[in-house]
Amino acid sequence: MKIARSARFAIGILALSFVAAACGGGEEKSASQSAADGKLTIGIKFDQPGLGLRNPDGTYSGFDVEVAKYVANELGVKPDGITFKEAPSAQRETLIQNGEVDYIVATYSITDTRKEKVGFAGPYFIAGQSLLVKADNTDISGPDSLNGGKKLCSVTGSTPAQNVKDKYAQDVQLQEFDTYSACVEALRNGAVDAVTTDDIILAGYAAQYPGQLKVVGQPFTTEKYGIGLAKDDSETRGKINDAIEKMISSGAWEAAFDNTVGPSGYQLPAPPTVDRY
Ligand code: GLU
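Residues numbered from 1 in each chain as written. Predicted model: local features only at pLDDT ≥ 70, side-chain atom pairs only at ≥ 80, totals over all residues. Heavy atoms only, no water.

Scanning the protein for helices and strands turns up 10 helices and 13 strands. Here the protein holds 277 residues, and the buried ones make up 46% of them. Residue pairs at least 24 apart in sequence account for 71% of intrachain contacts in the protein once pairs closer than 6 positions are excluded. Element-wise, carbon and sulfur atoms account for 50% of the exposed surface of the protein, whose accessible area totals about 13,300 Å². (Helix = DSSP H or I, 4+ residues; strand = E, 2+ residues; numbered from the N terminus. Buried < 20%, exposed > 50% of the residue type's maximum accessible area, 1.4 Å probe, protein only. Contact = heavy atoms within 4.5 Å. Areas by Shrake-Rupley, 256 points an atom, 1.4 Å probe, with all protein chains shown as cover.)

What follows concerns the nonpolar core. If you look at the biggest cluster of nonpolar residues, it comprises 54 residues, and the most contacted ones within it are Ile42, Phe63, Tyr103, Phe125, Ile200 and Ile227. The biggest single contributor to this core is helix H3 (residues 63-74), with 7 residues. Listed in part, the 10 residues of the second largest apolar core include Leu131, Val133, Val164 and Tyr168. (Core = buried A, V, L, I, M, F, W, Y, C linked by side-chain atoms within 4.5 Å.)

Paired through backbone hydrogen bonds, the strands of a sheet run either parallel or antiparallel to each other. Judged by pairing direction, the sheet is mixed, and its 5 strands sit side by side in the order S10-S9-S11-S8-S12 without closing on themselves. Of all the strands in the sheet, just strand S10 (173-177) and strand S12 (213-216) have a single pairing partner and so form its edges. Mean inter-strand twist for the sheet, computed between neighbouring axes without regard to direction, equals 30 degrees. With 4 bridges joining them, strand S8 (residues 129-134) and strand S11 (residues 194-198) adopt antiparallel strand pairing. (Pairing = 2+ DSSP bridges. Axes fitted to C-alpha atoms, helices over the stretch in contact; angles between N-to-C directions.)

Counting buried positions along S8 gives 5 out of 6 residues, so the element sits mostly inside the fold. Where S8 lies against S12, 4 bridges are found, and the strand directions are antiparallel. By the bridge assignment, Leu131 is partnered in S12 with Val216.

Turning our eyes to something else, we now look at the pattern of salt bridges. Enumeration over the complete set of coordinates arrives at 9 salt bridges. Of the charged contacts, one joins Glu185 and Arg188 as a salt bridge, the two residues approaching to 3.4 Å between their closest N and O atoms. Here the residue Glu185 and the residue Arg188 both occupy positions in helix H7 (residues 180-188), the gap between them amounting to 3 residues, near one helical turn. For the salt bridge of Asp242 with Arg276, the shortest nitrogen-to-oxygen distance reads 2.8 Å. Taken together, the residues Asp242 in helix H9 (residues 234-250) and Arg276 in the segment after helix H10 (252-260) connect sequence positions 34 residues apart. (Salt bridge = Lys/Arg side-chain N within 4 Å of Asp/Glu carboxyl O.)

Okay, the sheet that holds strand S3 (residues 52-54) next. Pairing is antiparallel across the open sheet formed by 3 strands, whose spatial order is S2-S3-S4. Strands at the two margins of the open sheet, each flanked by one partner only, are strand S2 (47-48) and strand S4 (60-61). Two elements, S3 and S4, share 2 bridges in a ladder whose sense is antiparallel. Looking at S4, one finds that Arg54 is bridged to Tyr60.

Another aspect to go through is the packing of aromatic side chains. Considering all chains together, one arrives at 13 aromatic pairs under this definition. Arranged with centres 6.3 Å apart and planes meeting at 40 degrees, the rings of Phe125 and Tyr266 form a pair that is tilted. Here Phe125, found in strand S7 (residues 118-127), pairs with Tyr266, found in the segment after H10; they are 141 residues apart in sequence, far enough to count as distant. Grouping residues by exposure puts Phe125 and Tyr266 together as buried. In this structure, Lys115 packs its charged tip against the face of Tyr277, placed 4.1 Å from the ring centre. Over the ring of Tyr209 we find Arg188; its NZ or CZ atom is 3.9 Å from the centre of that ring. (Phe/Tyr/Trp six-rings, centres within 6.5 Å; stacked < 30°, edge-to-face > 60°. Lys NZ or Arg CZ within 6 Å of the ring centre and 35° of its normal.)

Every buried residue belonging to H10 is among Trp253, Ala256, Phe257 and Thr260, and all of these are buried. Across the axial projection of H10, the buried residues extend over an arc of 100 degrees, all falling on one side. Against H3, S7, helix H8 (199-208) and H9 lie the buried residues of H10. (Arc of directions from axis to C-beta.)

Below, the discussion takes up the site of the ligand. The ligand sits among 17 residues. The nearest are Lys45, Ser89, Thr107, Tyr180 and Asp198. Between Arg114 and the ligand, the recorded distance is 2.9 Å, taken from a side-chain N or O atom to an oxygen atom. Here an oxygen atom of the ligand sits 2.6 Å away from a polar atom, N or O, in the side chain of Tyr180. Protein contacts shield 100% of the accessible area of the ligand, which totals 280 Å² for the unbound molecule. Only helix H6 (159-167), S11 and strand S13 (223-230) provide two or more residues apiece to the shell around the ligand. Among the residues forming the shell around the ligand, the class breakdown is 6 nonpolar, 6 polar and 5 charged. (Near = heavy atom within 4 Å. Polar contact = N/O pair within 3.5 Å; in protein donor to acceptor, adjacent residues only side chain to side chain. Nonpolar A, V, L, I, M, F, W, Y, C, P; charged D, E, K, R; others polar.)

Printed below as a string of structure tokens:
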């Protein structure tokens, strides 16, 4: 049978796109399938002391790192099968949607807006938004005292930055950076008056610069930290929820907290209840 040249061309393109889809950067592979191969790529923060930190010697430490490793072990993956990848706040949904990470444990609040793009296991921790200022600051004590054009730093794509925009934007000069460590540098050199994000993150920076920085005010939001993964991967979501529950009930959750966040002086809260949906 004779096929017109244009039709042959179209078939060729079709065949090529099938091949491309089949090889499409691991997108088709669920986290459970990666785990079955003994490998996981996990998104964490690299610059948040006590939570997710890349140390100068190339090792990783922090509560999120411990949660990530515990969950990996429950999925059958040993530490040497894990590749940690930096997951800055604004890139988390994209990293998951592009299949560049199997899951993310990075102070990642569960929100309805994010749930339109990704799935969440957990929560495995509950924090609240607060403020970090210089230790000698006396005029900032809570979100309302930022009025009058105070310079406030937060991170692009984070819930605290969005919250400030929604509630306080008129009177505050919000500066957004890619990472909280960049905000902390700006605070230390006087370029901004305060940094805002979750209290547990700020406690880690305050502990890093003793006597120089302090966390002020009561937490003014509720941030439920989830483990982000592909939206439709309910199989892995269920397994991760099982792992979180086991981590909490076995005492490993509290031990991990004590060894990582504990030294900052941040008080151990009650563990959360996993929300299965
Ligand atoms: N938990 C908040 C969020 O997911 C702030 C911390 C962060 O940016 O990682 O946006």
